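Secondary and tertiary structure notes
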Amino acid sequence: MQGEAPCEERECAEEFLCAEVPVPTIFVMHASVGSGHRSAALAVAEAFEKLVQEGDARIPANTRIEVLDILDYGRVPLDGDKTASMFTGPTRPIYDITWRFTFTGRLLWGGGTSWAHVMFKKLTDYVEQRKPIAVVCTHITAANAVAGARMLTKQRFPIVCVPTDYEIEGLWPHKDADMFCVATEAMAETLRPRKVPETRMQITGIPVRGGLGEEFDTAAIREEMGLPQDKIVVLVMAGAHLPQPYVRFRATMDETMAYLKGLSGMHFVFLPGRDEEYALRLERQRQAMAIDNMTVMGYVDNMPALMAASDLAICKSGGLTVTECLCSRLPMVLLGRSYGQEKANTLMLTSLGVGMHVTTARELLGALRHLHANPSSLQAMLTNGEILRRPNAAADIANVALSLIGTVGEPKKHFIELYWGGKPAHTR
């Protein structure tokens, strides 16, 4: 798989042959609520593709890897990006309460056909047609929908759940999943009171796409990108697929910008992503304030190399963002108030000394001044980050899924399953 073209975009040359003789198929499913779940799904799909190309004996040579967005199969059209933006404004505390307390105590969600019946009949029909040999899900909606579809079609493919943050939301189908691939032992501790057997848990890490974690010639990269060799290079990761979650982040950076030139031992690289308007505003601010230790880059094609050549990231605490930094051995300053899964990520990273958390421009400036005067603190965060660093997670998850093929019995059909669990390992 090359670039951004997922496998599901390839069409069969002979459609009627595909209909009569189903090609062996693996689904990698996500929900387009933000970009992280899709990015993780693409990483796993790439790992499967690599195994096919290498001729792995566990997977047929003609296996088709399909990356599916569960929102494309809903009864009611839903714009995932708009839904994600709802969690970034005044409703953030409401979302935080929902994420932290929905089926995370003693009363737990097991799974069932309810989601498939009510919302995702189109997916059930597609599962019936394609008959996948395995399914990997990076979002709870996808996992619940395909678990129901498996019951309704009486198929025996394994379902592998891959949470893309550093805690596990309560709406994963705990009884209907065949494996949870989680990032940390703390997440396994969350699953145990939910009565997930040890045999259905693997600590793999969160999957990221190829290139992150590889070794690079950092001096050559800095020279190529026009970055100084003798300064602490700080990436300001202020751009993403959705601009709305970054409104407060960017406002805080605006307040801090006038003080950056006082940190002469650092060089700040602002990454606005594809937001050309924001990039232009940043460049105007840089010139107006005569900040000579600042660079504004447009969309970067080779992010793994840039991250490998940097020393620190200022970023939000999204699951995929922080995992990419961990795989790139890049210490973090997590900027902004965090809610829901981002709050869990922040607590995990700061408790292990992997990153620093700040919420205001004053706090950010204080953290930067500390790191500027004490660069050994960066090395400490780097060392602590090794406990979470798993750059081969995508390949490990693909291997786990393949090992389950042929081991799943016919699922028992139920509309809804609620059950009583043990005392939660982590009080929320």
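Residues numbered from 1 in each chain as written. Predicted model: local features only at pLDDT ≥ 70, side-chain atom pairs only at ≥ 80, totals over all residues. Heavy atoms only, no water.

**A look at the packing of helix 4 (residues 92-101) against helix 14 (residues 340-351)**
In contact at an axis separation of 7 Å, helix 4 and helix 14 are set at 70° when each is read in the N-to-C sense. With respect to each other, helix 4 and helix 14 are oriented roughly perpendicular. The residues of helix 14 that touch helix 4, namely those facing Tyr95, Asp96, Trp99 and Arg100, are Gly340, Gln341, Lys343 and Ala344. (Axes fitted to C-alpha atoms, helices over the stretch in contact; angles between N-to-C directions. Helix = DSSP H or I, 4+ residues; strand = E, 2+ residues; numbered from the N terminus. Parallel < 35°, antiparallel > 145°, perpendicular 65-115°, else oblique. Contact = heavy atoms within 4.5 Å.)

**Observations regarding the pattern of salt bridges**
Per the stated rule, a full pass over the model turns up 20 salt bridges. Notably, a salt bridge pairs Asp96 with Arg100, separated by 3.4 Å at the nearest N-O pair. Of the two residues, Asp96 and Arg100 both sit in helix 4, four residues apart, roughly one turn of that helix. Notably, a salt bridge pairs Asp311 with Arg222, separated by 2.6 Å at the nearest N-O pair. Here Arg222 lies in helix 9 (residues 218-225) and Asp311 lies in the loop between helix 12 (303-308) and strand 11 (312-315), a separation of 89 residues in the sequence. (Salt bridge = Lys/Arg side-chain N within 4 Å of Asp/Glu carboxyl O.)

**Section: the packing of aromatic side chains**
Overall, the coordinates contain four aromatic pairs when judged by the stated rule. Measuring from centroid to centroid gives 6.3 Å for Trp172 and Phe180, while their planes differ by 75°, and the two rings are edge-to-face. For Trp172, a relative accessible area of 4% puts it in the buried group. Among the aromatic residues, those joined into a ring-pair cluster are Phe27, Tyr73 and Tyr126. Directly above the ring of Phe157 sits Arg150, whose terminal nitrogen or CZ lies 5.9 Å from the centroid. (Phe/Tyr/Trp six-rings, centres within 6.5 Å; stacked < 30°, edge-to-face > 60°. Buried < 20%, exposed > 50% of the residue type's maximum accessible area, 1.4 Å probe, protein only. Lys NZ or Arg CZ within 6 Å of the ring centre and 35° of its normal.)

**Points about the pairing of strand 12 (residues 332-335)**
Across the two faces of strand 12 the burial is the same, with Met332 and Leu334 and Val333 and Leu335 all buried. Of the strand pairs in this sheet, strand 11 and strand 12 are connected by three bridges, and their pairing is parallel. If you follow Ile314 over to strand 12, its bridge partner there is Val333. Note on the crossover from strand 11 through helix 13 (residues 319-327) to strand 12: the handedness is right-handed. Bridge count between strand 12 and strand 13 (residues 355-358): four bridges; the pairing is parallel. (Pairing = 2+ DSSP bridges. Right-handed = clockwise from strand over helix to strand, strands pointing away.)

**Some details on the sheet that holds strand 12**
Strands sit in the order 10-9-8-11-12-13 across an open sheet of six strands; the sheet is parallel. The open sheet has two free edges, formed respectively by strand 10 (294-296) and strand 13, since each of these has just one partner strand. The average angle at which neighbouring strand axes cross in this sheet is 20°, direction not considered. Where helix 13 meets the sheet, it contacts strand 8 (232-237), strand 11 and strand 12, and its direction lies at approximately 170° from that of strand 12. Helix-sheet contacts for helix 15 (residues 361-373) involve strand 8, strand 9 (266-271), strand 11, strand 12 and strand 13, and the interaxial angle to strand 13 is about 150°.

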